[in-house]
Amino acid sequence: MRYRPFGATGKAVSAVSLLLREAPNMATPGQWRQLVFSAMENGINCFEVAAGADVAALGVGEALRAVERRLIFLAWRLRGDPNGVLTAEAIAASVRDGLAKTACGYFDLLMMDEAAFDTLAPGALEYLTDLRGSGMCLQVGVVGDGPAADASIASGAFDVLATPFSLVSDWQARRRIKDASTANMTLVAYDPFPNALSRAPATQPVRRGLFTKTEPLAGAGTYAFLHETNGWTPEEICLAFSLTEPAFATMQIEAFRPDVVERLAAVTDRDLPTGVAAQIEMARFSTDLNEKRRA
């Protein structure tokens, strides 16, 4: 596992981190504890727990009893209601509940999704400053890639931005990364596996007289290589590419099986295969060109 500084906090976090929230196959704290133990055994020391995922929070708390608190970076994520208002009292109640369930003493980071940011009540932003000063949450950030994310950068009131990043990220995503870096925000990436690339494209046969053959260059300029690179899965290639972006402190993933966590954690110590970087750029260029033609 490789480690990167988390902004100016003085902490080093694993290049790959885990987001922990509800999962249908994770019904007991013991299952979450096993998952967190597996992650720690593979060098992962950075975790984010979603508010409301009570079983996950309890499992994290059980796992943390086995290690020194200072060795783990733990974040708590607030989820807003688009039809409600997020008050200072609601934030305080959620943080206290998370601290009680995880028994972690403090959160290194409090994250808010875009709905939470958009529904902050008057005075709630000031409370976030007080929360940092209390030592209950050392930093505050926003998760997203929409107007709320851009507003959080412009406000100067937040320490961290978590935003999607993958090999299909467009210029707007890259502009947001640059703006957040300029604002001295620590960056966390997530969603490195684009759903559109999860299925292997069908290879189209080309007819030549009485014979049928496969066109050897049929996949050129596409993402077909993701499914054709020996020794690599599409998820591993996508993750390895995302890890080449130095602006991010960590790449956040979701995985619910110890063997998957182990396999993805190992990607941090691997380099992209020869030629894959060029194939990615060819596919990106072809995609951009096709979009311009359609426009």
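Residues numbered from 1 in each chain as written. Predicted model: local features only at pLDDT ≥ 70, side-chain atom pairs only at ≥ 80, totals over all residues. Heavy atoms only, no water.

### Description of the layout of surface pockets
Quantified by volume, the largest pocket comes out at close to 410 Å³. Lining the largest pocket are 18 residues, with P192, F193, I253, E254 and A255 positioned closest to its centre. Those elements that provide at least two residues to the lining of the largest pocket are β12 (248–253) and α9 (258–265). Taken together, the residues that form the lining of the largest pocket break down as 10 nonpolar, two polar and six charged. (1 Å grid on protein atoms, 1.4 Å probe; cavity = no way out; pocket = protein on both sides within 12 Å on 5 of 7 lines; lining within 4 Å. Points joined across faces, edges and corners; volume = space filled by probe spheres on them. Helix = DSSP H or I, 4+ residues; strand = E, 2+ residues; numbered from the N terminus. Nonpolar A, V, L, I, M, F, W, Y, C, P; charged D, E, K, R; others polar.)

### Description of the pattern of salt bridges
The tally for this structure, following the rule as stated, stands at 16 salt bridges. A salt bridge links D159 to R132; its shortest N-O distance comes to 2.8 Å. Of this pair, D159 sits in the loop between α6 (147–155) and β8 (160–164) while R132 sits in helix α5 (residues 124–134), and the two are 27 residues apart along the sequence. Given the relative accessible area of 21%, D159 is considered partly exposed. Assessed through its relative accessible area of 23%, R132 is described here as partly exposed. As a salt-bridge pair, R175 and D150 come within 3.3 Å of each other at their nearest N and O atoms. Pair noted here: R175 is in helix α7 (residues 171–182) and D150 is in helix α6, with a separation of 25 residues, a long-range link. (Salt bridge = Lys/Arg side-chain N within 4 Å of Asp/Glu carboxyl O. Buried < 20%, exposed > 50% of the residue type's maximum accessible area, 1.4 Å probe, protein only.)

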